[in-house]
Amino acid sequence: MNVLILGGGGREHALAWKIAQSHHCNKLFVAPGNPGIAQVAIIVDMGTHDFEGIKSFCLLNKIDVLVVGPEEPLVNGIYDFMEKAKTIDGWRGFVVGPSKAAAQLEGSKAFSKKFMQRHDIPTAAYAEFTKDSFEAGKQYIQQHTLPIVLKADGLAAGKGVVISETHEDALQVFEQMLINRQFGEASTKVVIEEFLTGIEVSVFVLTNGVDYKIIGHAKDYKRIGEGDTGLNTGGMGCVTPVPFITEAFMQQVEEKIIAPTVKGLLAEGLVYNGFIFFGLMNEGGNAKVIEYNCRMGDPETEVVLPRLDTDLLSLFAAMDNGTLEDTNINFADGYFATVMAVSGGYPGNYKKNIPITGADKPLQVPGSLLFHAGTRQEGKAIVTNGGRVLAVTSKGESIGKAVQQSLDVLGTINFEGMYYRRDIGFEFS
Ligand code: AMP
Ligand code: GLY
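Residues numbered from 1 in each chain as written. Chains lettered and ligands numbered in written order. Predicted model: local features only at pLDDT ≥ 70, side-chain atom pairs only at ≥ 80, totals over all residues. Heavy atoms only, no water.

### Some words on the sheet that holds strand β7 (residues 148-152)
For step 1, the next point in the chain: The sheet built from four strands is open, its strands ordered β6-β9-β7-β8 with antiparallel pairing. Here the strands that pair on one side only, and so sit at the sheet edges, are β6 (126-130) and β8 (161-164). Pairwise comparison of adjacent strand axes, ignoring direction, gives a mean angle of 20° for this sheet.
For step 2, the next point in the chain: Summarising the sheet, β6 and strand β9 (residues 189-194) pair through five bridges and their orientation is antiparallel. Each residue of the ladder has a partner; that of Thr130, found in β9, is Lys189.
For step 3, the next point in the chain: Helix α6 (residues 109-118) rests against β6, β7, β8 and β9 of the sheet, and its axis sits at about 145° to β6.
For step 4, the next point in the chain: Helix α7 (residues 134-142) contacts β6, β7 and β9 of the sheet and is inclined by roughly 150° relative to β6. (Pairing = 2+ DSSP bridges. Helix = DSSP H or I, 4+ residues; strand = E, 2+ residues; numbered from the N terminus. Axes fitted to C-alpha atoms, helices over the stretch in contact; angles between N-to-C directions. Contact = heavy atoms within 4.5 Å.)

The structure is reproduced here in structure tokens:
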């Protein structure tokens, strides 16, 4: 099979690394990719928003599988666009991702909350407001227990969720989002939600809209500072498997959350042929959905795929030909941990184009993998090109050992301002 992956971060590097190992893989392309991805795939100079370019490329290169890494092209309808390319242009491949309508599970928090209500899927209590119901929203906030969770309805690059500790702060955030349009279109609607307490975990599923398979789970460390302090980031590290994820917990997640979600999508005619990322809160053994994402997580992919001992391309093919139900999912033994190295200043302002030493070749350390997240080739040098720059994943017989090995590898890499958390997986070490 010829494969095109869209995206250019650590998630896409992990996807490319995994797919390149499949004996079903003929040619593997990634657009726009990055220098790390260039070690395992052919880089295509094309943006993920360039739907026409993507279509032409798929037709010309006889792409069989188009794997969409980030959410934006999915929310903007790449699936539907390429479905048209099948009927109009005779494209013979398929997209790994949901349709535009189904991608609303991530693209609109209000949509996903209503979907969960319709299908009795456990989630935090909520209400939604627009400019027209601003006054009612203010009253709702004033009577709400603390803390209060406020969410911009649409995509806001991971910045659209605010947890307020006081009513005054919540009112300010509410006005900022709704009236001052802090997130533009994305905050024309605001969801106000009950605060859930417990431990967060993410579960990853592949579905063709009828059948599904759980391909892994992970715990993500979102805060910039050690001890889970400071600002939220896209994710500073991840571990899998997570010790508190027992079989009983997973069974509950499957029965109360995953199965009803897939059934609900089917019942509502929401076409889905891709990954579902279930962001969950474990509230004393009870699982509730914090959010859906219509794609894999980053950096969750960097631990989930190394642990997955099943050919990903075979799984995609099984989704397409209706045999997903009959496939076996196997996991490697041991624990996997990824530690993300970020630019100094991230998640605030940071510099780009800083030369990186020690990351120009594939890593030669047994049990470790180096994934490029925000890097760029400049002549012979590799330079930083984003907030999150590199992810090092290692395998170990305990979480602590896996983390330590990733830290040892990061000790051999350097760029000015480089920062990483040394305490990923701290609760389990
Ligand atoms: P999201 O953008 O929906 O992933 O939310 C970002 C983060 O905010 C989540 O990973 C949680 O840590 C936190 N969060 C979101 N909703 C809630 C909630 N209802 N209760 C507690 N924490 C939440
Ligand atoms: N690491 C969180 C996400 O990918 O959304």
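### Digging into the environment of Glu226
For step 1, the next point in the chain: Tracing the backbone through its elements, the reader meets Glu226 in the loop between β12 (223-225) and β13 (229-232).
For step 2, the next point in the chain: Given a relative accessible area of 39%, Glu226 falls into the partly exposed group.
For step 3, the next point in the chain: Glu226 sits 195 residues away from Arg421 along the chain, and the two C-alpha atoms are 5.8 Å apart.
For step 4, the next point in the chain: Apart from the residues lying within four places of it in its own chain, the contact partners of Glu226 are Tyr419, Tyr420, Arg421, Arg422 and Asp423. (Buried < 20%, exposed > 50% of the residue type's maximum accessible area, 1.4 Å probe, protein only.)

### Re the pattern of salt bridges
For step 1, the next point in the chain: All chains considered together, the criterion is met by 23 salt bridges.
For step 2, the next point in the chain: A salt bridge links Glu128 to Lys189; its shortest N-O distance comes to 3.7 Å. With a gap of 61 residues between them, Glu128 in strand β6 and Lys189 in strand β9 connect regions that are remote in the sequence.
For step 3, the next point in the chain: Using a relative accessible area of 25% as the deciding quantity, one classes Lys189 as partly exposed.
For step 4, the next point in the chain: The partner of Lys401 in a salt bridge is Glu397, and the shortest N-O contact between them spans 2.9 Å.
For step 5, the next point in the chain: Judged by relative accessible area, which is 49%, Lys401 ranks as partly exposed.
For step 6, the next point in the chain: Within the structure, one salt-bridge network assembled from shared partners comprises Glu52, Lys55 and Asp89. (Salt bridge = Lys/Arg side-chain N within 4 Å of Asp/Glu carboxyl O.)

### Regarding the site of ligand 2
For step 1, the next point in the chain: Taken together, the neighbourhood of ligand 2 is formed by Asp220, Gly234, Phe277, Asn293, Arg295, Gly297, Asp298, Pro299 and Glu300.
For step 2, the next point in the chain: Gly234 has a polar backbone atom sitting 3.0 Å from a nitrogen atom of ligand 2.
For step 3, the next point in the chain: Residue Arg295 places a side-chain N or O atom 3.0 Å away from an oxygen atom belonging to ligand 2.
For step 4, the next point in the chain: Relative to its free-state accessible area of 200 Å², ligand 2 is covered by the protein chains to the extent of 88%.
For step 5, the next point in the chain: Looking at the shell around ligand 2, its residues break down into two nonpolar, three polar and four charged. (Near = heavy atom within 4 Å. Polar contact = N/O pair within 3.5 Å; in protein donor to acceptor, adjacent residues only side chain to side chain. Areas by Shrake-Rupley, 256 points an atom, 1.4 Å probe, with all protein chains shown as cover. Nonpolar A, V, L, I, M, F, W, Y, C, P; charged D, E, K, R; others polar.)

### Some remarks on the side chain of Lys109
For step 1, the next point in the chain: Topologically, Lys109 is positioned in helix α6.
For step 2, the next point in the chain: The class for Lys109 is buried, based on a relative accessible area of 17%.
For step 3, the next point in the chain: Apart from residues no more than four positions distant in its own chain, Lys109 is found in contact with Lys151, Ala152, Asp153, Val161, Val191 and Glu291.

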